[in-house]
Amino acid sequence: MSTSGGGMGRDAGAQSARSRALAVLRLRSRALAVALLPAAVAVILLVGGSTGHFVGTGWDVVRWTLTPLAVLVLLAAAGVALVVARARPAVSPTVPIAEGAAPDLYRMVRDLADRLDVPVPSAIALTPDCDSWLEDRTHPAHGPPPVEEHGDVAGSGRLPHRRTTVAAPVLVIGSPFLWWMRVGELRAVLAPVVAGTGPSAHPDIAAARRFVRGLDAAVAVTSEPRRGPVFRAVFAGVGWIARSLLRGCRVHTAEMERGVAAAAADRAQAVDYGLRIVAQEQVGLAYAGWDRLLTRVALPAWRMGRWPSRLNAGVVAALTELSRRDRLAEGFASRLGERPACDLLEEPGAVDEATSLLAARLFHGGPAGSGPEWSPVRWGDYPEEVVDRKWRADAARLHRVLDALGVRPVDGGEGLGSAGPTLSRVLDHLTDPVPVPRAEPPVHAGPEDTDADADAVDYDEDLAGTTPRSAALAARISAEVAREGAAATERAAAASIPASALTSAGSAPTVPPAPADPASLWDDRALPLLPLQPPRTGRELLADHIMAMVCCAAMDTAGATPGLDWLDGPALLIGGVRVTDLPAQVMTLIEDGDPVALRLWLTRQGIRPEKPVRLV
């Protein structure tokens with residue numbers, strides 16, 4: 001009974017998808033008919049005139065008016081068709097995996113397709129995200145690289161097709177799934193995704209998808225700003241037509257994809273259904289751990305010009321730590337004794353490194369390869385290479401801003417002689433009750449000054465409720481961070497390696513990058529494509545810099561050490577114990593100008609604020 005019900009649901013979903021696909025194709029046919037109608041009428045008039053049927057002045061006027069119009073409509077239709085046909089559809093940035101680099105993974109996907117009785121995906125690729133999907137890469141610009149490039153980790157391995165009428169899509173798998181999930185869980189999660197190759201093989205659905213993707217790519221091409229006025233005018237018309245067609249088939253396309261998903265889900269019910277329910281819990285947990293790892297751990301390293309080379313291994317550590325802290329996650333750690341899905345890869349370390357670099361490029365906008373200012377860091381070196389450097393760099397910036405504000409250094413005391421960068425200097429400045437007048441932007445500021453000055457003085461909303469000195473200091477720090485970020489972006493853009501090194505020609509980051517590919521599969525001119533967080537506010541920047549100064553003083557005067565917390569990122573360890581109550585003391589200083597709570601905390605921890613600290 002259940003099998004019959006599943007078959008009926010699968011047939012209903014497939015039929016709905018095909019009917020919607022036919023509706024999209026009918027829209028395409030109507031657009032073609034509209035383009036050909038003036039030409040057909042013109043041909044009838046010309047033939048009628050030559051045979052003596054449509055004669056007279058009136059017919060001659062109609063004939064010679066309609067004929068040029070028909071030619072113009074045909075030329076416009078041909079132009080639109082050419083743009084749609086030649087436009088390159090968007091492709092998700094991924095790290096393709098050759099079959100030689102993951103034979104067990106390919107074997108598992110092939111067996112899964114056999115059980116589902118659907119075509120085998122044409123290739124497998126990984127994405128640094130907690131999601132999996134099928135992606136059509138049958139456009140000529142998405143063709144496979146030469147055969148000699150297929151043997152590497154980032155090569156484009158192929159699987160044999162069950163059907164040759166329509167090329168099967170590429171299976172894209174979220175890389176965190178491979179490291180966190182067990183083999184059985186991964187198979188259960190991928191079952192409904194792989195089942196989608198069945199409806200995708202239908203010629204009508206494939207043709208409708210190609211038409212919609214072509215229109216979407218044409219809209220992107222016509223929106224390109226760097227064109228002359230004539231080309232802009234021509235492409236504006238082409239873009240209007242493409243957008244109109246997209247609006248016309250939007251509902252049908254959405255319903256078609258919904259039918260495809262329903263048919264795939266019904267087909268996959270017979271494969272590991274019970275295990276898939278458990279695996280879906282792991283999907284949500286992996287997403288939470290991956291997001292936390294990127295925003296709390298990886299992002300500080302990326303801002304320092306270092307990219308963690310084992311992000312996927314880090315998500316396992318983060319989720320294991322979560323299972324120890326959260327009682328709701330206690331049962332998840334017991335799975336770690338089973339075989340992880342990353343064992344399906346021949347060289348999981350190299351794949352982890354490639355996806356980690358791609359994650360840094362997508363979420364932060366870093367270069368596509370290592371360099372003097374963009375180098376990998378391993379988790380064991382993270383406290384010294386990232387945390388310590390970040391704190392000292394922030395402390396140095398804080399003192400540079402104080403120098404620019406004319407704040408006098410505080411003598412280190414105890415016969416230390418010349419004053420140095422001390423925590424007392426920061427505390428005394430923020431405690432001083434004399435208000436600092438708000439800085440105003442220059443009336444006739446040049447273009448190079450307006451952005452920084454605007455950032456420096458526009459702190460009313462963000463810093464409401466803080467002291468005047470805190471607001472002024474935060475504004476100056478924000479401007480300094482913005483200037484440094486702009487300079488770093490320019491340097492990265494000048495030394496950037498083409499993204500094709502990751503998507504079409506390349507290899508793991510340890511292999512020298514390939515030359516630039518003019519037909520790279522994705523546009524990397526607007527990086528980061530998926531920024532993790534909005535820019536930090538002035539209040540957040542000031543708090544980060546003050547806490548960095550406190551941490552430097554703790555390391556230099558109280559024997560504290562930098563550490564890494566898998567869920568919260570950089571951590572200060574005093575006596576081997578992580579400090580958790582420092583942010584509250586710092587916010588009291590910023591908002592109230594009262595250093596008493598922070599000074600008491602420093603005394604309890606044995607930190608000497610009057611002693612100079614070592615900066616970068």
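Relevant structure appears above.
Residues numbered from 1 in each chain as written. Predicted model: local features only at pLDDT ≥ 70, side-chain atom pairs only at ≥ 80, totals over all residues. Heavy atoms only, no water.

Colleague: How should I be thinking about the pattern of salt bridges in this particular structure?
Modeller: If the charged atoms of two oppositely charged side chains come close together, the side chains can form a pair. Tallying each qualifying case throughout the model produces 25 salt bridges. Arg608 is the partner of Glu610 in a salt bridge, and the nearest nitrogen-oxygen pair spans 2.5 Å. For Glu610, a relative accessible area of 22% translates into the label partly exposed. Take Arg608: its relative accessible area is 27%, and that puts it in the partly exposed class. (Salt bridge = Lys/Arg side-chain N within 4 Å of Asp/Glu carboxyl O. Buried < 20%, exposed > 50% of the residue type's maximum accessible area, 1.4 Å probe, protein only.)

Colleague: I'm lost on the sheet that holds strand S4 (residues 170-174) in this one. Help?
Modeller: Sheet strands pair via backbone hydrogen bonds, and the direction of the pair is either parallel or antiparallel. Taken together, four strands build an open sheet; the order of strands is S1-S2-S4-S3 and the sheet is mixed. Both edges of this open sheet fall to strand S1 (95-97) and strand S3 (133-135), since each of them pairs with a single strand only. Averaged over all neighbouring strand pairs, the angle between strand axes comes to 35°, with direction disregarded. In the sheet, strand S2 (residues 123-127) pairs with S4 via five bridges, with the strands oriented parallel. Paired with Ala123 across the strands is Val170, a residue of S4. Lying on the sheet, helix H3 (residues 103-116) is in contact with S1, S2 and S4; it crosses S2 at an angle near 115°. Contacts between helix H11 (residues 348-364) and the sheet are confined to S1 and S2, with S1 contributing the most and set at about 155° to the helix. (Pairing = 2+ DSSP bridges. Helix = DSSP H or I, 4+ residues; strand = E, 2+ residues; numbered from the N terminus. Axes fitted to C-alpha atoms, helices over the stretch in contact; angles between N-to-C directions. Contact = heavy atoms within 4.5 Å.)

Colleague: Any chance you could explain the environment of Thr557 here in plain terms?
Modeller: Looking at the element boundaries, Thr557 is found in helix H17 (residues 538-557). Residue classification places Thr557 among the partly exposed residues on the basis of a relative accessible area of 22%. The spatial distance from the C-alpha of Thr557 to the C-alpha of Ile607 is 5.8 Å, given a sequence separation of 50 residues. Discounting residues that sit within four places of it in the chain, Thr557 has contacts with Gly606, Ile607, Arg608 and Lys611. At 2.5 Å, the side chain of Thr557 and the backbone oxygen of Ala553 are in polar contact. (Polar contact = N/O pair within 3.5 Å; in protein donor to acceptor, adjacent residues only side chain to side chain.)

These values are about where atoms sit, not about what they do.
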